[in-house]
Amino acid sequence: PLHARLAYNANLTARVFAPIAGRITHLSLQVGDRVRAGQALLALDAPELAAAVADLRKARAEDERRRLALERAQRLFEAGVMPRRELEGAQAEADVARAEAQRAERRLRNLSATDADSAAYTLRSPLDGVVAERRVNPGMEVRPDRPDPLFVITETSRLWVLIDLPERELALVRPGQRALVRADAWPTERFIATTERIGERVDPGTRRVE
């Protein structure tokens, strides 16, 4: 027998951070609640979101203005009224305006937000699972550089069992091999696990492999 520890399945786990600073205005989920991908986890009052929306609208308006100016310049150039250098200038200004609009669109898209009229931001679950950890409370101020996730969402029905295998026993274990798992919390239960991976690095201090 070998000592082991249970861990979240990293392939089915999301550590959720807020991509924008703000104050929590709504929070109802508790640890143990099941959520679906896309479900709201909390709502933020985020002034930065309103600023991002305003920047996008301003950039789109400037993009449209420069596009129309370029069309007029092209017609004047074709009519022989405008010199080429002015047409090239109008083209450069249109390109800059288009790039700025695209930048503003990407910024808002990175916030997983839409072109809205308020500073209300909704943080959503990226996957189906259970709220395993919740480290926020109503009214709390959050920032994107926060070191700890606001939520840990995972599928608790599929956990990993991590074993530190002594180097001398490495040849006895192979991927696909079955293992019998016992847990102190359920002393009469036996769980069947399958070996998925064997680490390639031997810890120089313990001479063990995960």
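All of the points below concern the structure found in this document. (Residues numbered from 1 in each chain as written. Predicted model: local features only at pLDDT ≥ 70, side-chain atom pairs only at ≥ 80, totals over all residues. Heavy atoms only, no water.)

## Notes on the packing of aromatic side chains
Counted under the stated rule, the structure contains one aromatic pair. For the pair Trp-186 and Phe-191, a centre-to-centre distance of 6.2 Å together with 75° between the ring planes defines the contact as edge-to-face. Taking the relative accessible area as the measure of exposure, Trp-186 reaches 48% and is therefore partly exposed. We classify Phe-191 as partly exposed; its relative accessible area is 36%. (Phe/Tyr/Trp six-rings, centres within 6.5 Å; stacked < 30°, edge-to-face > 60°. Buried < 20%, exposed > 50% of the residue type's maximum accessible area, 1.4 Å probe, protein only.)

## Considering unusual backbone geometry
If you check the backbone angles, Arg-207 has positive phi at about 55° while not being a glycine. The topology assignment puts Arg-207 in the loop between β13 (186-194) and β14 (208-209). (Helix = DSSP H or I, 4+ residues; strand = E, 2+ residues; numbered from the N terminus.)

## Here's the deal with the sheet that holds strand β5 (residues 40-45)
Spatial ordering of the open sheet is given by β6-β5-β3-β8, a layout of four strands whose pairing is antiparallel. Across the chains shown, the open sheet's two edge strands, defined by having one partner strand only, are β6 (120-124) and β8 (141-142). Summarising the sheet, β5 and β6 pair through five bridges and their orientation is antiparallel. Within the sheet, the bridge partner assigned to Ala-40 lies in β6 and is Arg-124. (Pairing = 2+ DSSP bridges.)

## Comments concerning the sheet that holds strand β4 (residues 34-35)
Spatial strand order, β2-β9-β7-β4: four strands in an open sheet with antiparallel pairing. Of all the strands in the sheet, just β2 (13-16) and β4 have a single pairing partner and so form its edges. Across four bridges, strand β7 (residues 129-134) lies against strand β9 (residues 151-154) in antiparallel orientation. Considered in β9, the bridge of Val-130 is made with Thr-154.

## Remarks on the nonpolar core
Grouped together as the largest cluster of nonpolar side chains are 29 residues, with contacts concentrated most on Leu-42, Leu-44, Leu-49, Tyr-121, Val-136, Leu-150 and Phe-151. Going through the elements one at a time, β2, β5, α1 (47-78), α2 (84-110), β6 and β9 are the ones with two or more residues in this core. For this core, the element with the highest residue contribution is α1, accounting for five residues. Ignoring sequence-local partners within four residues, the contact set of Leu-44 consists of Ala-18, Ile-20, Gly-22, Arg-23, Ile-24, Thr-25, Ala-119, Ala-120, Tyr-121 and Val-142. Among the nonpolar cores identified, the runner-up in size contains six residues, and Leu-70, Ala-73, Leu-87 and Ala-94 belong to it. (Core = buried A, V, L, I, M, F, W, Y, C linked by side-chain atoms within 4.5 Å. Contact = heavy atoms within 4.5 Å.)

## Details of the pattern of salt bridges
Pairing between side chains of opposite charge can happen when their charged atoms approach one another. Scanning the entire structure with this criterion turns up 19 salt bridges. Its salt-bridge partner being Arg-66, residue Glu-93 comes within 2.8 Å of it at the nearest N-O pair. Note that Glu-93 is positioned in helix α2 and Arg-66 in helix α1, a separation of 27 residues in sequence. A single salt-bridge network, built from bridges that share partners, covers Glu-62, Arg-65, Arg-66 and Glu-93. (Salt bridge = Lys/Arg side-chain N within 4 Å of Asp/Glu carboxyl O.)

## Focus: the side chain of Thr-195
For Thr-195, the position within the fold is in the loop between β13 and β14. Setting aside anything within four residues of it in sequence, one finds Thr-195 in contact with Val-173, Arg-174, Pro-175, Gly-176 and Gln-177.

## Section: α1
Between its first and last C-alpha atoms α1 spans 47 Å; for 32 residues at 1.5 Å apiece the expected length is 46 Å, and the two agree. Those residues of α1 that are buried are in contact with α2 and β6. Phi for Gly-80, located one or two positions after α1, is positive at around 80°. (Expected span 1.5 Å × (residues − 1).)

Spatial relationships are all this shows, so hold off on functional conclusions.
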